[in-house]
Amino acid sequence: MPPKIVIRTFIPLLALLSSPACDHKPDGRTFNAPYEGEYLSQIAFPIGGMGAGMFCIEGNGTISHMSIHHVPELFNEPLMFAALHVKGQENGSKVIEGNVPEWKKYGRQGATLGISNPAWGFPRFDRARFTARFPFAHIELTDDDMPLDAEITAWSPFIPTNEDDSGLPAGTLEYRFTNRSAKEVEAVFSYNSNNFAHRNHQAQGLIEPVGNGFILTQRPGNQPRYEHRQFAIFTDDTTTIVNHSWFRGQWWDPVTMAWNDIEQGTLRENSPKEGAPGASLYIPFTLEPGESRTIRLHMVWYVPYSGINYGPDAETDADRGVKYNPAQYENYPAFYEPWYGHRFPDIRAVCDYWLNNYGRLKRETESFTEAFYSSTLPPEVIEAVAANLTILKSPTVWRQHDGRMWNWEGCGDTWGSCHGSCTHVWNYAQALPHLFPAMERTLRETEFRVGQNSEGHQVFRNNLPIRPTRHDFHAAADGQLGGILKAYRDWRISGDQKWIAELYPLLVQSLEYCIRTWDPRETGALEEPHHNTYDIEFWGPDGMCSSIYAEALNALSKIGKALGHDTSRYDTLLAKSVHYLEERLFNGEYFAQQVMWRELNAPDPTQAMTFHSTYSEEAREILDVEGSKYQYGNGCLSDGVIGDWMAWAAGLDGVLDPEKVRSHLCAVHKYNLRHDLYDHANPQRTTYALGRDGGLLLCSWPKGGKPQLPFVYSNEVWSGIEYQVAAHLIAEGEVEKGLEIVRTCRNRYDGRVRNPFNEYECGSWYARALSSYSLLQALTGVRYDAVDRTLHIAPRIEGDFITFLSTATGFGTVAVVGGRPEVDVVYGRIDIDKIQYE
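About the cut-offs
Residues numbered from 1 in each chain as written. Predicted model: local features only at pLDDT ≥ 70, side-chain atom pairs only at ≥ 80, totals over all residues. Heavy atoms only, no water. Core = buried A, V, L, I, M, F, W, Y, C linked by side-chain atoms within 4.5 Å. Buried < 20%, exposed > 50% of the residue type's maximum accessible area, 1.4 Å probe, protein only. Contact = heavy atoms within 4.5 Å. Axes fitted to C-alpha atoms, helices over the stretch in contact; angles between N-to-C directions. Helix = DSSP H or I, 4+ residues; strand = E, 2+ residues; numbered from the N terminus. Parallel < 35°, antiparallel > 145°, perpendicular 65-115°, else oblique. Left-handed = near helix turned anticlockwise from the far one by under 90°. Nonpolar A, V, L, I, M, F, W, Y, C, P; charged D, E, K, R; others polar. Phe/Tyr/Trp six-rings, centres within 6.5 Å; stacked < 30°, edge-to-face > 60°. Lys NZ or Arg CZ within 6 Å of the ring centre and 35° of its normal. Pairing = 2+ DSSP bridges. Salt bridge = Lys/Arg side-chain N within 4 Å of Asp/Glu carboxyl O. Disulfide = S-S within 2.5 Å. Polar contact = N/O pair within 3.5 Å; in protein donor to acceptor, adjacent residues only side chain to side chain. Expected span 1.5 Å × (residues − 1). Patch = residues over 30% accessible without salt bridge, like charges linked within 9 Å, V, L, I, M, F, W, Y side chains within 5 Å. Areas by Shrake-Rupley, 256 points an atom, 1.4 Å probe, with all protein chains shown as cover. Lys, Arg positive; Asp, Glu negative; His and termini not counted. Charge placed at Lys NZ, Arg CZ, Asp CG, Glu CD.

Can you explain the nonpolar core? Please cite residues and give values.
Ranked by size, the top nonpolar core spans 218 residues in total, and within it Ile96, Phe177, Phe189, Tyr191, Phe231 and Tyr534 carry the most contacts. Contacts of Tyr191, omitting those with residues within four sequence positions, involve Ile63, Met80, Phe81, Ala82, Tyr175, Phe214, Ile233, Ala279, Ser280, Leu281, Leu297 and Met299.

Shown next as structure tokens:
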């Protein structure tokens, strides 16, 4: 069927921010709706470029989480604030923010000494309302004392397929003021900041001029060059007046004098002075009744160096792998350097690019937002997908000097959590390959070309800067096998035949390593101990890793046949694998684990290489009775058939019996989903979900046989697995069961206790939660195959719908209207020869 190409009129962004779909229910907050009152408390929404660092804007308009120095700094709330002074108005000077959340008053470091951000003590607007339309955050502020209402729209570029413009170290806060009084109002807008870039007092701190603003600077002097950092704050308004030097004094003198100027409406103009503690900019303006005015405040940063290096260097040619090219590492940085530092020579070049391209960048970003939010899919799904796209703006994601991506699993408070683009965690992340497929392919190239040695062993944590490493620990079975599935997916998304042909020998080498290491008897199942995402080894075949094995065999066979290779060996193993899973691991209701240890090639579990799994005398007694520690046996594992989900997400027809897959997923929903964890015992990591929270447990034992020491994390709740299971259920036709899991998860992240834009698991902005993107494909079956130039549509929802689609060459929407498919390409192009509509 040829596609019908339409030009749809999208809803303007401001209309999206106040559309009827955002209305509140009387008994609480509706999904994808604004946040008010207690729901504002924990909001922190990332602003910044992909791989360039971030800051957050909170629900009340405060800037926090200032993380521009190549490490997360999640409690870094610098003294920086906008203020409004209305001339002749009693109580007419206020910080342009809502009230300080109650939780900040006690329990934080220094709180009982009264030490906090001085700006918290200034008058501010009384009421705030926050609406997220990623990557835009919109805050409405009102106060009975003020004749002007204020709005803040904070954003940074997010343009799928354009990773360069989406990776700028920049963001803008647009302040819009509306005169709701019956008379003319004269006012002064100001932005005020101490020099938070100056952190090392052995280095030189100064405030430099830039057009219509100032640059907070630390120059290294005789310190290492990574001490160089700059943060520019400026406008595009030529009437801007700049005070480059706050009053120099002790105690709170500088900020006291800055507030005096605000309160008196003083437009102080000062040239830069040595030792200036801070700076302010001012814009005076007048509004007639009903008139509005928007002031754009731009923020750009530049930290071109770091002192960060992770991982041991390879010591042998074997570890360097068959694709090692020493010329590639000549003049190679010893430490991480961000990509933007090689694109731009200095901060002024970034500022110029930002100003010169601002209109285009905003229009193209709005085209994404408008397309995405024009979707008619359930609001809990749109909220879950969009909320987790913030991960791509967080310090979880890095991009090194040559443009290749390198990622953490998540963010610790002041450190990256679990380094190396961890293969088994990023297995779950389905957003990046569709939105920025060129970036995703750099992860495959690192895995197979850099992280794979000459024997096919693949590290699951790669060095930074990206370079060959030592191979002195287990490969991760789920991560290494998952890489083959992801390579298949990335090939179908990109349509790049040359890329997959060059990668294919390395895929074969990797799979052969997996076979001889974990399935040496070629039974079709992973029998030997295999490391995995639970940070332990499963001993004996399990549904989780063996399903990934089966689908990796399937994927490699499909790639090989397309390239003209003989794949009969893998076809034979695939048939064995399917038989093993369905006949030996499926217990009649779900896929389980067959625990083994005495009959294997591996040494005794007490002697085997492992990660924090040593055996005490007491543990040896358990080994004799139950077998290896940290297994799940006859448990119902939420991840228990994840290979089928990964294959489906990659565009492969799964090899397992769909009825058995559906049975497993329904069992997971039945046994593992809890709407209340009050009576659930969890001695592991508890704050992901506890007490009256609901959540999907990683595992349960409905048929008994729970080990005394089940696999670590088994009692926890991870949102990334919740979304993976939910999407898989929906794809198998169990729509309501899947949506129930989504709603249960998002109810935990409603802003009262947890940040709605930070689903954490071993760190903030945890990558696994990007599995939520697969919910779009699950509900609609919409998937574009660039190899066949075919658009697939197989909805699991009834009636007409609109959904978002991103490909390697462009993005837009796909709709079914009156039973007829329609495609609207709003950015780039999507070459469609046919539509496969089921």
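Now that the structure is up, let's keep going.
Describe the packing of helix α9 (residues 437–450) against helix α11 (residues 497–518), with residues and values.
A pair of packed helices is captured by two measures, namely the crossing angle of their axes and the spacing between those axes. The N-to-C vectors of α9 and α11 enclose an angle of 45°; their axes lie 10 Å apart at closest approach. Overall, the two elements α9 and α11 adopt an arrangement that is oblique. Remark: the crossing between α9 and α11 carries left-handed chirality. Contact residues: α9 offers Arg441, Arg444, Glu445, Phe448 and Arg449, while α11 offers Trp499, Glu502, Leu503, Leu506, Leu507 and Ser510. Residue composition of the contact of α9 with α11, grouped by class: 5 nonpolar, 1 polar and 5 charged.

If you had to explain the packing of aromatic side chains to someone new, which residues and values would you point to?
For the structure on display, the rule yields 55 aromatic pairs. An angle of 75° between the planes, with centres 6.0 Å apart, marks the rings of Tyr749 and Tyr760 as edge-to-face. With Tyr749 in the loop between α18 (735–748) and α19 (774–780) and Tyr760 in the loop between α18 and α19, the pair connects residues that are 11 residues apart, well separated along the chain. Tyr760 matches Tyr749 in its accessibility class, with the two residues each being buried. The side chain of Arg343 reaches across the aromatic face of Tyr353, ending 4.6 Å from its centre. Just above the ring of Tyr678 sits the side chain of Arg692; from NZ or CZ to the centre is 3.8 Å.

Residues and numbers for the pairing of strand β14 (residues 213–219), please.
Along β14, 6 of the 7 residues are buried, which leaves the element largely enclosed by surrounding structure. Alignment of strand β13 (residues 204–210) against β14, held across 7 bridges, turns out to be antiparallel. Its bridge partner being in β14, Gln204 is matched across the sheet by Arg219. Hairpin connection of β13 to β14: 2 residues between the antiparallel strands, including Asn212 at a positive phi of 60°. Bridge analysis of β14 against strand β15 (residues 229–235) gives 6 bridges, and the strand direction is antiparallel. Considered in β15, the bridge of Phe214 is made with Ile233.

Kindly report on the pattern of salt bridges, identifying the contributing residues and their values.
For the structure on display, the rule yields 63 salt bridges. Here Glu227 and Arg229 are joined by a salt bridge, their closest N and O atoms 3.4 Å apart. The pair Glu227 / Arg229 is uniform in exposure class, with both members buried. A salt bridge links Arg444 to Glu447, with the nearest nitrogen and oxygen atoms 2.9 Å apart. Placement of the pair is Arg444 and Glu447 together in helix α9, with a separation of 3 residues, close to one helical turn.

Before we move on, can you summarise the environment of Ala276 with the specific residues and values?
Its location among the elements puts Ala276 in the loop between α2 (253–264) and β17 (278–287). Beyond its immediate sequence surroundings of up to four residues, Ala276 is in contact with Ile207, His244, Ser245 and Arg248.

Please give an account of the state of the cysteines that cites residues and values.
What is meant by a disulfide is a covalent connection between two cysteines, made through their sulfur atoms. Enumeration according to the criterion identifies 0 disulfides in this entry. Cys514 takes part in no disulfide bond, and the closest cysteine sulfur to it belongs to Cys545, at a distance of 11 Å. For Cys514, a relative accessible area of 0% gives the class buried.

Requested: an account of unusual backbone geometry, with residues and values cited.
Cis geometry is adopted by the peptide bond preceding Pro135, which originates at Phe134 and carries an omega value of 0°. Checked against the element boundaries, Pro135 lands in the loop between β8 (127–133) and β9 (136–142). Cis geometry is found at the peptide bond from Leu464 to Pro465, where omega equals -10°. In the Ramachandran plot, Tyr630 falls in the positive-phi region, its phi being about 65° despite a non-glycine side chain. Secondary-structure assignment places Tyr630 in the loop between α14 (617–626) and β25 (636–637).

Quick one: what's the story with the side chain of Asn554, residue by residue and with numbers?
By the element assignment, Asn554 lies in helix α12 (residues 543–562). For Asn554, a relative accessible area of 2% puts it in the buried group. Here the side chain of Asn554 touches Asp653 through a polar contact of 3.3 Å, landing on its backbone oxygen. Excluding anything up to four places from it in sequence, Asn554 contacts Leu574, Leu652, Asp653 and Val655.

Residue-level account of the packing of α12 against helix α15 (residues 642–650), with values.
The N-to-C vectors of α12 and α15 enclose an angle of 35°; their axes lie 6 Å apart at closest approach. Residue-level inspection shows Met544, Ser547, Ile548 and Glu551 of α12 in contact with α15, the latter providing Ile642, Gly643, Asp644, Met646 and Ala647. When grouped by side-chain class, the residues that make up the contact of α12 with α15 number 5 nonpolar, 2 polar and 2 charged.

Just give me the short version of α9, but keep the residues and values in it.
With 14 residues, α9 should cover 20 Å at 1.5 Å per step; its first-to-last C-alpha distance of 19 Å lies within 8% of that length. Taking burial as the measure, the 14 residues of α9 include 11 buried ones, the bulk of the element. Taken as a whole, α9 has its buried residues at Pro437, Met439, Glu440, Arg441, Thr442, Leu443, Arg444, Thr446, Glu447, Phe448 and Val450. On its buried side, α9 packs onto β19 (397–399), β20 (405–407), α7 (423–426), α8 (432–435), α10 (477–494) and α11.

I'd love a proper account of the sheet that holds strand β7 (residues 93–95), names of residues and values included.
Here 5 strands make up an open sheet; going across it, the order is β7-β6-β12-β17-β16 and the pairing antiparallel. Only two strands of the sheet have a single neighbouring strand rather than two, namely β7 and β16 (241–243). Ignoring which end each strand starts from, the neighbouring axes of this sheet average 20° apart. Across 7 bridges, the pairing between strand β6 (residues 80–86) and strand β12 (residues 185–194) is antiparallel. Paired with Phe81 across the two strands is Asn192, which belongs to β12.

I'd like a rundown of a negative patch on the surface, residues and numbers included.
On the surface, Asp604, Glu617, Glu618, Glu621 and Asp624 cluster together to form a negatively charged patch. By the secondary structure assignment, Glu618 is in helix α14. The exposure class assigned to Glu618 is exposed, which follows from its relative accessible area of 54%.

Which residues make up the environment of Asp402, and what are the values?
For Asp402, the position within the fold is in the loop between β19 and β20. Each C-alpha atom of the pair Asp402 and Tyr282 lies 39 Å from the other, and the pair is 120 residues apart in sequence. A polar atom in the side chain of Asp402 sits 2.9 Å from the side chain of Arg404.

So what about the sheet that holds strand β30 (residues 790–793)? Which residues, and what values?
Taking strand neighbours across the sheet as the criterion, the 3 strands line up as β29-β30-β34 in an open arrangement whose pairing is mixed. Looking along the sheet, the strands with just one partner apiece sit at the ends: β29 (783–785) and β34 (834–837). Taken pair by pair, the neighbouring strands of this sheet meet at an average axis angle of 20°, ignoring direction. Inspection of the sheet shows β29 paired to β30 by 3 bridges, in the antiparallel sense. From the neighbouring strand, Arg783 faces β30, where its bridge partner is His792.

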